Number of protein chains: 2
Amino acid sequence: MFSCWLSRLCRGLSTPTGRVTHLIQGSLSRRLMLSSQRRIPELSSFVARTNTCGELRSSHLGQEVTLCGWIQYRRQNIFLVLRDFHGLVQVVIPQDESAASVKKILCEAPMESVVQVSGTVISRPPGQENPKMPTGEIEIKVKSAQLLNACKKLPFEIKDFVKKTEALRLQYRYLDLRSFQMQYNLRLRSRMVMKMREYLCNLHGFVDIETPTLFKRTPGGAKEFVIPSREPGKFYCLPQSPQQFKQLLMVGGLDRYFQVARCYRDEGSRPDRQPEFTQIDIEMSFVDQIGIRSLIEGLLQYSWPSDKDPVVVPFPSMTFAEALASYGTDKPDTRFGMKIVDISDVFRNTKVGFLQDALSKPQGTVKAICISEGAKYLKRKDIESLRKLAADHFNQEVLPVFPKANRNWNSPVAKSIMEEQRSELIRLMEIQEDGVVLLTAGEHRKACSVLGKLRLECADLLEARGLVLRDPALFSFLWVVDFPLFLPKEENPGELESAHHPFTAPHPSDIHLLHTEPKQVRSQHYDLVLNGNEIGGGSIRIHDAELQRYILATLLKEDVKLLSHLLQALDFGAPPHGGIALGLDRLICLVTGAPSIRDVIAFPKSFRGHDLMSNAPDSLPPEELKPYHIQVSWPADSEAEKSSLNQPYHPES
Amino acid sequence: MFSCWLSRLCRGLSTPTGRVTHLIQGSLSRRLMLSSQRRIPELSSFVARTNTCGELRSSHLGQEVTLCGWIQYRRQNIFLVLRDFHGLVQVVIPQDESAASVKKILCEAPMESVVQVSGTVISRPPGQENPKMPTGEIEIKVKSAQLLNACKKLPFEIKDFVKKTEALRLQYRYLDLRSFQMQYNLRLRSRMVMKMREYLCNLHGFVDIETPTLFKRTPGGAKEFVIPSREPGKFYCLPQSPQQFKQLLMVGGLDRYFQVARCYRDEGSRPDRQPEFTQIDIEMSFVDQIGIRSLIEGLLQYSWPSDKDPVVVPFPSMTFAEALASYGTDKPDTRFGMKIVDISDVFRNTKVGFLQDALSKPQGTVKAICISEGAKYLKRKDIESLRKLAADHFNQEVLPVFPKANRNWNSPVAKSIMEEQRSELIRLMEIQEDGVVLLTAGEHRKACSVLGKLRLECADLLEARGLVLRDPALFSFLWVVDFPLFLPKEENPGELESAHHPFTAPHPSDIHLLHTEPKQVRSQHYDLVLNGNEIGGGSIRIHDAELQRYILATLLKEDVKLLSHLLQALDFGAPPHGGIALGLDRLICLVTGAPSIRDVIAFPKSFRGHDLMSNAPDSLPPEELKPYHIQVSWPADSEAEKSSLNQPYHPES
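Note that the structure is a prediction, hence the values are computed from the model and not measured.

What follows is about the overall build of chain A. Tallying secondary structure elements over chain A gives 19 helices and 23 strands in all. Going through the 653 residues of chain A one by one, you find that 61% of them count as buried. Long-range pairs, those at least 24 residues apart, make up 68% of the contacts in chain A with a sequence separation of at least 6.

Listed below in structure tokens is the structure:
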């Protein structure tokens, strides 16, 4: 039993996706620190201990040590396992009469109590070494002990194999942080950000500049938190990014700016989003797209954890048009194939009704993906659920076709397709035995989108059946470029809105189209995609005030007064500039293989934006709102709630 | 003229207090970078230029270079001085017919336009070298030029000798940032913080952890900005510090935490305070006061700019009682003497009425400071203004006495004092020729406070007359310790409030007094003072839940429900811990010698809390407040204003 959970703890560094990392031999923080710099940090400077629990080895034999830690486990009042952030160590509880007081302290302290022990590092008796435990060759012969703090009954055990709901973990976050996985995630995050800072500051002369978070509403900034000021009716806003400030810093000649910037976005309840998040925010003067891309490739390569496979640069790139056509999304997961193929030409003379219909329209296409080994691994109900997904979420008909497999549940339509275009399909899509084709028809973007979604669903299904499509050790970076500069407004497709933000520069080859066909203009925006997740995005910015005014006022019909300071700045000698922002939470989440960004943030909010530990947001007594000249407008349907609150302050409510 | 302003620019690194730094030989950023690390950052990686303007020297002769920068100056269409963040370089405008287009670009571009030039580094003709300019031995023979952005007429010139009001500087902050002083301040800040990070992360194993800024109201947190959420009546608050989170991280076993943390404090209008500010926030487990102090001494020593005198450690320390008695403040400026002396004993048998009165009271004292050379440097009106200050702000009588100087404006009372106690005073206070004594009587704390204030005023007066009391090159650090744990509440002196915050641990020697004489209990709080400014403070925290509950509920009468999560955390195996926070803005302000913290912040708010550049805080249309269930309560006296606003949205108002 003992060695069982202990070895699990020591092996507890495998990522949640199931990948066993190379960390089994050493405790995690040691590895992290050893690998990322030459000089090992002093982990016991300035404090009561002489050593950490996790660092002791045979090389320490005979040393007098003082350790501080939590009681992880006690066996028959003879052994005690002490834990700190660095690892576990076995302490021998003295049994002789003269050490009765030490024995009493160590035997009576509840689990997870904090103790300080002093003693000698000794060898374990022959045969009792634990090779699965980094400190398994030694133990501590205790001379003195002190109970620093007794622990009351815990809501859950601090053992990785004890399953807890996420709500319970968040309510007692300070206990959850003691888990090996949370310690690993937060320490890796800290190290990786430190390496990024070294790369930016020390290697490339970037200046770390803090920009304000008490700012004002940006045009169209509907997702910005508002903060009342002491001036009646005047509000600050928490910015979604330091976009304006970083551009103004370039106008100010700061030349190379970066910041690990806290950003805010009020999206209400959305799973796996946080109302506050962190981005690696970068801006440079006199740079082009290739310059920014090289910078970021170098940054990730330099800061990449050494226990992962090294990052290979340069990253491949793909145009937005290509990403949409082949993967049905602007953030393709390029770890596996199953690309979308346009098979319209195969069906030019089809007699199948719905394909004929689709192709007779001006934008009509027929598209398909081929699921290799699909006939072997997917069940009929899988295919049905995929079709239902397409119908429910995209209103698209999807047809499964088994061109080579002998399945008896092909529909009559599919059978007819097979007979007509079977060989052409097999050739075009390189279909192997057991390949399944999912086929759809319609307008290009829509057909691609539905197949892009089904492609990911199929990958999940196949992996649930045991196939490995996406190697969890593989980090597949991709630049997506040449996005459109504008999109039709959702609520009013006759008007334009920025595909990204209004400061994005148009593609130099398309500038002539700005006045004639703005919808055709590509931008100098670029996205960085990792394993199908957007982890960054940026652009070369507009530095010409006239062009910026034209886009804001004429094309986007924005109120330029709100941005007068930025427009004026462009007039006063703004250098050409560009930048990027990396989403740090998402990046660390992918690197650690954590199931959620909440696992790489020390104190995250729940998906409803609540701090389950402290109960934020909370009610406030009306007198605390007075200095800000605001009052609560209770919604009509909460009249009951309001009267139950009866205006005074209910902190527990 | 040319060499005049140019040399000023190159010498522009003297601090605003007038101290000439050692930076005359090199341009500032180069110095900063060279000095603080071995590897020189590549300042031209990834961008259009091959070199920075400021880096070119004779060693570059013959090289083909491409430079990007701002036109600083043009002389007779022959020379042009190009500026970037790194310095200035002289460009020779080609005069031959074949280069007419290059000449046209360089001669017609307005000042502060952005240009890119390519050419060869050549020697200046003999006799034309400029030894005051780091690039003064060379110039650029231009082959091609490109106007990257033309500059419109500026509101002020980008030259350090052109005086601007601070309001104008803040309105056009992006132009102000081009000044050498702002570039120096922000770059020094970035470098110093980076060195701090290296010390904490790389040398001592600290973990950089981000804590939330959307939190809830803390008890007594009257200065916290509130943020309405989408739940009616529920508010987040912006925390004044990560205090609770850093303690919870210790409970979570993170062991060594730091963060360069954004903090918020809504104090309305206060000069030289900012509603958002930054602190170096640190917390450690298993540490005592000496441990924290050693850590911080090492931190400052390691990160100190190499162009300043090195930091000498350990810093001296002083108890709060001693600081009050000798300097009349808890943040003594120890760069000069003029200490407060208790001269009560000299006057035990005095016949001077107001001294007799004071000494007859149980807490009565007579105190004095001696202004050396005061009689030589101070005028009668100076002394009168000091007395008036004491009377107006402290309601204290202050008497000037000239024990050795022959001044004819001693009052009759002072004359009588002189006759009685002259020799004893001269002995006790070591009064020299021309020494002036300022004497006051009353309760200890009050008498000390007034003399502490007058001491600083005297120093200002003497320095205005040419004496140097406080060497601007001197950085005088001091720990102040042994503060009282509680103070009587200002509004109700019968009740107690925390002198710092309720999590501060009592001094171990005084714990027995907690139940009997809580006012007598000293705390384990410590302040770090630099040149009379508090630049940091921290404490060993309470880790015992019972003690924390007793202090919160019984002594402070706080609602413990608001802190139930913290109290519970202490019950679940909280390690002993302590920490500190350094005020980064103030620290950098003192290091750079800037006149205001606004000069070390890229985009500061005005003293009224406004962003003069973007006009934040700003009005919002009522519909943008709707999702947050709040409405503005217009104050009665602004009815006129309100009706003029007529409820709709006036962005320009």
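Text resumes after the structure shown.
Here we take up the nonpolar core. I296 of chain A together with I296 of chain B are the most contacted members of the largest nonpolar core, which has 127 residues in total. Beyond its immediate chain neighbours, meaning those up to four positions away, I296 of chain B contacts I282, W479, L528, I580 and L582 of chain B.

So, about the sheet that holds strand β20 (residues 533–540) of chain B. Residue and element names in this part refer to chain B. The mixed open sheet is built from 8 strands, whose spatial order is β6-β9-β10-β21-β20-β19-β16-β11. Each edge of the sheet is formed by a strand with only one pairing partner; in this case those strands are β6 (207–208) and β11 (317–319). In this structure, β11 lies alongside strand β16 (residues 477–481), joined through 3 bridges in parallel fashion. Within the sheet, the bridge partner assigned to S317 lies in β16 and is W479. Along the sheet face, helix α6 (residues 180–203) touches β6, β9 (256–264) and β10 (276–285) and points at about 150° away from the line of β9. Contacts from helix α7 (residues 243–251) reach β9, β10 and β21 (577–583) within the one sheet, and its direction differs from that of β10 by about 25°.

This brings us to the environment of A390 of chain B. Residue and element names in this part refer to chain B. Relative to the assigned elements, A390 resides in helix α12 (residues 380–394). Residue classification places A390 among the buried residues on the basis of a relative accessible area of 0%. As a C-alpha pair, A390 and T440 span 50 residues in sequence and 9.5 Å in three-dimensional space. If sequence neighbours within four positions are ignored, A390 has contacts with N395, Q396, V398, V450 and L454.

Turning to unusual backbone geometry, a few remarks are in order. Residue and element names in this part refer to chain B. The omega torsion across V313 and P314 is -10°, close enough to zero to call that bond cis. Locating P314 in the fold gives a position in the loop between α8 (289–303) and β11. Cis peptide bonds are those with omega within 30 degrees of zero, and the linkage from A616 to P617 qualifies with -5°. Secondary-structure assignment places P617 in the loop between α17 (584–592) and β22 (618–619). We note that F46 has phi near 75°; this positive angle belongs to a residue other than glycine. With respect to the element layout, F46 can be found in the loop between α2 (28–36) and β1 (64–75). Of note in this structure, E373 is not a glycine but carries a positive phi near 60°. Here E373 lies in the loop between β13 (364–371) and α11 (374–377). On the basis of relative accessible area, E373 is assigned to the partly exposed category, the value being 30%.

Our next topic: the packing of aromatic side chains. Applying the stated criterion to the full structure yields 28 aromatic pairs over all chains. Ring centres of W304 of chain A and F477 of chain A lie 5.6 Å apart, and the angle between their planes is 70°; this geometry places the pair in the edge-to-face category. Of this pair, W304 of chain A sits in the loop between α8 (289–303) and β11 (317–319) while F477 of chain A sits in strand β16 (residues 477–481); the two residues are 173 residues apart in sequence, bridging distant segments of the chain. Across this residue pair, the class does not change: W304 of chain A and F477 of chain A are buried. The rings of W304, F315, F475, F477, W479 and Y526 of chain A are connected pair by pair, giving a single aromatic cluster. Over the aromatic face of F336 of chain A sits the side chain of R455 of chain A, whose NZ or CZ is 3.9 Å from the ring centroid. In this structure, K195 of chain B packs its charged tip against the face of Y302 of chain B, placed 4.5 Å from the ring centre.

Time to look at the pairing of strand β4 (residues 114–123) of chain B. Residue and element names in this part refer to chain B. Most of β4 is tucked away, with 8 of its 10 residues classed as buried. Strand direction decides the pairing type here: β1 and β4, joined by 7 bridges, are antiparallel. Pairing of G69 across the sheet is with V115, part of β4. Summarising the sheet, β4 and strand β5 (residues 138–149) pair through 10 bridges and their orientation is antiparallel. From the neighbouring strand, V114 faces β5, where its bridge partner is N149.

To continue, consider the sheet that holds strand β8 (residues 234–237) of chain A. Here 3 strands make up an open sheet; going across it, the order is β7(A)-β8(A)-β22(B) and the pairing antiparallel. Only two strands of the sheet have a single partner each, and these edge strands are β7 (226–228) of chain A together with β22 of chain B. Bridge count for β8 of chain A against β22 of chain B is 2 bridges, and the pairing is antiparallel. Bridge pairing in β22 of chain B links K234 of chain A to S619 of chain B.

Rotating chain B by 180° about the axis while translating it 0.0 Å along that axis superimposes it on chain A, leaving an RMSD of 0.1 Å. Each copy turns onto its partner about a two-fold axis. The residues that chain B uses at the interface reappear at the interface of chain A in 99% of cases, marking a shared surface.

Each α-helix winds once per 3.6 residues, and so residues spaced three or four apart point in a common direction. With 15 residues, α12 of chain B extends 21 Å from end C-alpha to end C-alpha; this agrees with the ideal 21 Å at 1.5 Å per step. Two residues or fewer past α12 of chain B, N395 of chain B is found with a positive phi of approximately 55°.

Quoted interface sizes are often the accessible area lost when the parts come together. If you look at the interface, chain B gives 143 residues, while chain A gives 143 residues. A combined buried area of about 12300 Å² lies between chain B and chain A, and 58% of that area is made up of carbon and sulfur atoms. Note that E210 of chain A is salt-bridged to R189 of chain B, the shortest N-O span being 2.7 Å. Our count for the chain B to chain A interface comes out at 78 residue pairs in polar contact (both at pLDDT 80 or more). Broken down by element, the residue count for the side of chain B that touches chain A peaks at 13 residues, all from α6 of chain B.

The next thing to look at is the packing of helix α15 (residues 545–555) of chain A against helix α16 (residues 564–571) of chain A. Residues and elements named next belong to chain A. Two numbers describe how α15 lies on α16: the axes approach to 8 Å, and their chain directions differ by 150°. It follows that α15 is roughly antiparallel to α16 by the angle criterion. Residues A545, Q548, R549 and L552 of α15 touch α16, and the partners they reach there are L567, L570 and D571. Its residues assigned to classes, the contact of α15 with α16 comprises 4 nonpolar, 1 polar and 2 charged.

So, on to helix α9 (residues 320–327) of chain A. Residue and element names in this part refer to chain A. Looking only at α9, the buried set comprises F320, A323, L324, S326 and Y327. Buried positions along α9 lie against β11, α14 (444–464) and β16. Just beyond α9, the residue with positive phi is G328, at close to 70°.

Another aspect to go through is the environment of P228 of chain B. Inspection of the secondary structure assignment puts P228 of chain B in strand β7 (residues 226–228). Taking the relative accessible area as the measure of exposure, P228 of chain B reaches 0% and is therefore buried. Taking C-alpha positions, P228 of chain B is 7.8 Å from H629 of chain B, a pair spaced 401 residues apart along the chain. Setting aside residues no more than four positions away along its own chain, P228 of chain B makes contact with F225, V226 and P228 of chain A together with K234, F235, Y628 and I630 of chain B.

Glancing now at the environment of E534 of chain B. Residues and elements named next belong to chain B. Within the secondary structure, E534 is located in strand β20. Accessibility expressed as a relative area gives 42% for E534, which makes it partly exposed. Setting aside its immediate chain neighbours within four residues, E534 contacts K331, D527, L528, V529 and R586.

This part is about the pairing of β1 of chain B. All names here are of chain B. Counted residue by residue, β1 has 10 buried out of 12 residues, so it is predominantly covered. Bridge analysis of β1 against strand β2 (residues 79–84) gives 5 bridges, and the strand direction is antiparallel. The residue bridging R75 from the neighbouring strand is F79, located in β2. Where β1 hands over to β2, the hairpin turn is made up of 3 residues, of which Q76 adopts a positive phi near 50°.

Before going further, it helps to spend a moment on the pattern of salt bridges. For the structure shown, the criterion picks out 89 salt bridges over all chains. The residue D571 of chain A makes a salt bridge to R549 of chain A at a minimum N-O spacing of 3.1 Å. In this pair, D571 of chain A sits in helix α16 while R549 of chain A sits in helix α15, placing the two residues 22 residues apart along the sequence. In this structure, the salt-bridge partner of R169 of chain B is D599 of chain B, at a minimum N-O distance of 2.8 Å. Separated by 430 residues along the polypeptide, R169 of chain B in helix α4 (residues 166–171) and D599 of chain B in the loop between α17 and β22 bring together distant segments of the chain. For the pair R169 of chain B and D599 of chain B, one class covers both residues: buried. Each of the salt bridges in this network shares a partner with another, and the network as a whole consists of R189, R262, E276, D585 and K605 of chain A together with E210 of chain B.

What counts and how
Residues numbered from 1 in each chain as written. Chains lettered and ligands numbered in written order. Predicted model: local features only at pLDDT ≥ 70, side-chain atom pairs only at ≥ 80, totals over all residues. Heavy atoms only, no water. Helix = DSSP H or I, 4+ residues; strand = E, 2+ residues; numbered from the N terminus. Buried < 20%, exposed > 50% of the residue type's maximum accessible area, 1.4 Å probe, protein only. Contact = heavy atoms within 4.5 Å. Core = buried A, V, L, I, M, F, W, Y, C linked by side-chain atoms within 4.5 Å. Pairing = 2+ DSSP bridges. Axes fitted to C-alpha atoms, helices over the stretch in contact; angles between N-to-C directions. Phe/Tyr/Trp six-rings, centres within 6.5 Å; stacked < 30°, edge-to-face > 60°. Lys NZ or Arg CZ within 6 Å of the ring centre and 35° of its normal. Least-squares fit on C-alpha atoms with pLDDT ≥ 70 in both. Expected span 1.5 Å × (residues − 1). Buried area = accessible area lost by both parts, 1.4 Å probe. Salt bridge = Lys/Arg side-chain N within 4 Å of Asp/Glu carboxyl O. Polar contact = N/O pair within 3.5 Å; in protein donor to acceptor, adjacent residues only side chain to side chain. Parallel < 35°, antiparallel > 145°, perpendicular 65-115°, else oblique. Nonpolar A, V, L, I, M, F, W, Y, C, P; charged D, E, K, R; others polar.

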